[in-house]
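Chain by chain, the residues run as shown.
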Amino acid sequence: MNQELLNAIDYLEKEKSIPREVLFETLEAALITAYKKNYTQHKNVRVDLNVESGTYRVISRKDVVEEVEDSTAEIDLESARMTNPAYEIGDPFDEDVTPKDFNRVGAQAAKQAVMQRLRDAERGILYDEFINKEDEVMTGLIDRVDHRFVYIQLGRTDAVLSESERMPNETYTPNERIKVYVNKVEQTTKGPQIFVSRTHPNLLKRLFEKEVPEIYDGTVEVMSVAREAGERSKISVHAENSDVDAVGSCVGARGARVEAIVNELSGEKIDIVLWDKDPKVFVKNALSPSQVVDVIVDEENQSTVVIVPDNQLSLAIGKRGQNARLAAKLTGWKIDIKSASDAAEEGIIEEE
């Protein structure tokens, strides 16, 4: 092995982040493959590689036997004792069998094997790096857009953003920076395939964790998220310490914290509501910003009937039912909204 190859290994270690030990193991395996492909005199061989000088030896191991049946794997006792009189039957016999023309004969095969193993090692390292990024938010650079995917550079590889994971109110332009949620990482023959999302509810949760120190350190906990990406979201929060304002922490001074997240999500409206273990209180909070007269809970069917003032009915339901739909997702309870006058007519509440 020459200095040029040692320099290449140094480069791959620094630029590709492949550990030096992996590279030399790969090279040893490649040299053994090249030897076995071109030489058949010895069956069991290993390569002793000097990582400092770059020199190597091919070592053949044979068993010392009384009578040789396979000359590629066995040596007779008399021949072995010509090297060292101490040999006995059953001992392993090691011999340097490095061919003089090995570099010339095996160089191309070794190179191909090395490159393949290096690609495999790099793919493995990339996969290990990104499998730990699942369920996290990463910042990338939009590389290109085609009819199927938006390709986003995440360090040394690209992630794919499918049409179903894109926000309907966004356009994606090459060279723009963007935050994405790492939804899934799969290992393929071409390396790790990274699927990212801009619509996943956990994107909102992770953005709040990054923007709100109280959520990051656990003082405030995100209890649930409901999201219709690009339009509106609801997030419920809770603090064990009653002295902590969970909603206020998320909003920030003059709304700075939530505004930063709204800007990151291209203007998506975000309602931050206080979680409560009492479903009556939680459902009432979840229907914010509408006022609520009463919440009737059916525990058995996990459903509620919510009574709102007549003039709040459309606000409680929301445009195309969005507010009620998001509140139901956020709380996990079915929500049937009725105006006070309708509820009185049906006998659900007393008529004022």
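The preceding data block contains the structure.
In this text the structure is predicted, and so the values were computed from the model without any measurement.

Draft legend 1. Highlighting the sheet that holds strand E10 (residues 221-228). Overall, mixed pairing links the three strands, which are arranged E10-E11-E12 in an open sheet. For this open sheet the edge positions go to E10 and strand E12 (269-274), each flanked by a neighbour on one side alone. Strand-to-strand twist of the sheet, defined as the mean angle between neighbouring strand axes without regard to direction, takes the value 15°. Here E10 runs beside strand E11 (residues 232-238); their pairing, made up of seven bridges, is antiparallel. Bridging across to E11, Val-222 finds its partner in Val-237. Where helix H5 (residues 201-211) meets the sheet, its contacts fall on E10, E11 and E12, and the angle it forms with E10 comes to roughly 135°. Against the sheet, helix H9 (residues 279-286) engages E10, E11 and E12, with an angle of about 160° to E12.

Draft legend 2. Here's a closer look at the pattern of salt bridges. Counted by the stated rule, this structure contains 25 salt bridges. Here Glu-264 and Arg-198 are joined by a salt bridge, their closest N and O atoms 3.0 Å apart. With a gap of 66 residues between them, Glu-264 in helix H8 (residues 256-264) and Arg-198 in the loop between strand E9 (191-197) and H5 connect regions that are remote in the sequence. Between Asp-336 and Lys-338 there is a salt bridge whose closest N-O contact spans 3.8 Å. Judged by relative accessible area, which is 18%, Lys-338 ranks as buried. Each of Arg-46, Asp-48, Arg-57, Arg-61, Asp-94 and Asp-96 takes part in one network of salt bridges that share partners.

The rules behind the values
Residues numbered from 1 in each chain as written. Predicted model: local features only at pLDDT ≥ 70, side-chain atom pairs only at ≥ 80, totals over all residues. Heavy atoms only, no water. Pairing = 2+ DSSP bridges. Helix = DSSP H or I, 4+ residues; strand = E, 2+ residues; numbered from the N terminus. Axes fitted to C-alpha atoms, helices over the stretch in contact; angles between N-to-C directions. Contact = heavy atoms within 4.5 Å. Salt bridge = Lys/Arg side-chain N within 4 Å of Asp/Glu carboxyl O. Buried < 20%, exposed > 50% of the residue type's maximum accessible area, 1.4 Å probe, protein only.

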